[in-house]
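Per-entry structural report
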Amino acid sequence: MMEGAFYQQKRTSPTALTVVVLMHGAALTALALAKSEVLRPAPEPPIVVENYKEKDIPPEVKPEPVDRKVQPQQQTVLTPPKPVFDLPTQGPVVPWTPPPTRTLIIPQPGPIVLPKLDPPAPPAAKEIRPARARANLASYVSDADYPTTAVRNEEQGTTRFKLAVGPDGKVRECTVTSSSGSPALDATTCKLMRQRAKFTPATGTDGKPTGDTVASAIRWVLPSD
């Protein structure tokens, strides 16, 4: 038989380990508290004062009462300055009388009468000058102008005529107004007047030359031998 034997190790439970740890913590805490009680200093003995008297205590100083009456404030009286000018004193009261009413008369418009104005005077007309022969018309006829037929027939007489004179002074037309009784004498009269007669033309109101008519007569007499 063997002398020795095997030691079988026991398993530790976790709950038991926790309990052990808590027990150790509590023991340490109690030890610390006990040590703090041992190390606390002893209280000092009271001080005894001998020969104490009340007179040694200074009397209590009471504050003086404060008068809290409200002092009235002084009012400042402002005096307005006197005006520089003197105001007139009030006189007697005169009752107001309204002015008399006036009636305004507006004249009614009547017919408007315009003054009569004289018509303006016409401008002065310039002098009208008729056409004038530069020589006696009978001087333009001689015995040599007597028509042969009129001499042979012994015709004579006075031919009256009217000449139309132009602005240039020349005869434009000849008209027999009274016959001499001889057609040859009347025709010769107008022929000679158109060829030989010269006139100063007539002038109108504007001063410019204008046409005109001239009346005259030629007496035909048979030439003597």
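Above this text you will find the structure in question.
Quick caveat, the model's predicted, so the values are computed rather than measured. (Residues numbered from 1 in each chain as written. Predicted model: local features only at pLDDT ≥ 70, side-chain atom pairs only at ≥ 80, totals over all residues. Heavy atoms only, no water.)

1. Looking at the pairing of strand S2 (residues 157-165)
Condition: Each residue's exposure class comes from its accessible area (1.4 Å probe, protein chains only) as a fraction of the maximum for that residue type: buried when under 20%, exposed when over 50%, partly exposed otherwise. Note on conventions: DSSP H or I runs of at least 4 residues are helices, E runs of at least 2 residues are strands, and numbering of each starts at the N terminus. What makes two strands pair is DSSP finding at least two bridges between them.
By the alternation rule, side chains of S2 split into Gly-157, Thr-159, Phe-161, Leu-163 and Val-165, which are all buried, and Thr-158, Arg-160, Lys-162 and Ala-164, of which none is buried. With nine bridges connecting them, S2 and strand S7 (residues 212-220) associate as antiparallel partners. Looking at S7, one finds that Phe-161 is bridged to Ser-216. Here S2 pairs with strand S3 (residues 171-178) via six bridges, running antiparallel.

2. Overview of the state of the cysteines
Throughout this description, disulfide means a covalent bond between two cysteine sulfur atoms. Put simply, the test is: The rule for a disulfide is simple: a pair of cysteine sulfur atoms within 2.5 Å.
In the structure shown here, the tally under the stated rule is one disulfide. There is a disulfide in this structure between Cys-174 and Cys-190, and the S-S distance comes to 2.4 Å. Judged by the sign of its S-S torsion, about -60 degrees, the cystine formed by Cys-174 and Cys-190 is left-handed. Of this pair, Cys-174 sits in strand S3 while Cys-190 sits in helix H3 (residues 183-196); the two residues are 16 residues apart in sequence, bridging distant segments of the chain. Classification of Cys-190 by relative accessible area gives buried; the value is 7%.

3. Focus: H3
As a reminder of what qualifies: Expected helix span is given by 1.5 Å per residue-to-residue step, counting one fewer step than there are residues. Two residues qualify as a contact provided that any one of their heavy atoms is within 4.5 Å of a heavy atom in the partner residue.
For H3, which comprises 14 residues, the first-to-last C-alpha distance of 20 Å matches the rise-based estimate of 20 Å (1.5 Å per residue) to within 8%. Taken as a whole, H3 has its buried residues at Leu-185, Asp-186, Thr-188, Thr-189, Cys-190, Leu-192 and Met-193. Residues of H3 that are buried sit in contact with helix H2 (148-152), S2, S3 and S7.

4. Some thoughts on the sheet that holds S2
Counted only if it meets this: Think of each axis as a best-fit line through the C-alpha atoms, taken over the contacting stretch in the case of a helix, with angles from 0 to 180 degrees between the N-to-C directions.
Reading across the sheet, the three strands line up as S3-S2-S7 and stay open at both edges, with antiparallel pairing between neighbours. Strands at the two margins of the open sheet, each flanked by one partner only, are S3 and S7. Averaged over neighbouring strand pairs, the angle between their axes works out to 25 degrees when direction is ignored.

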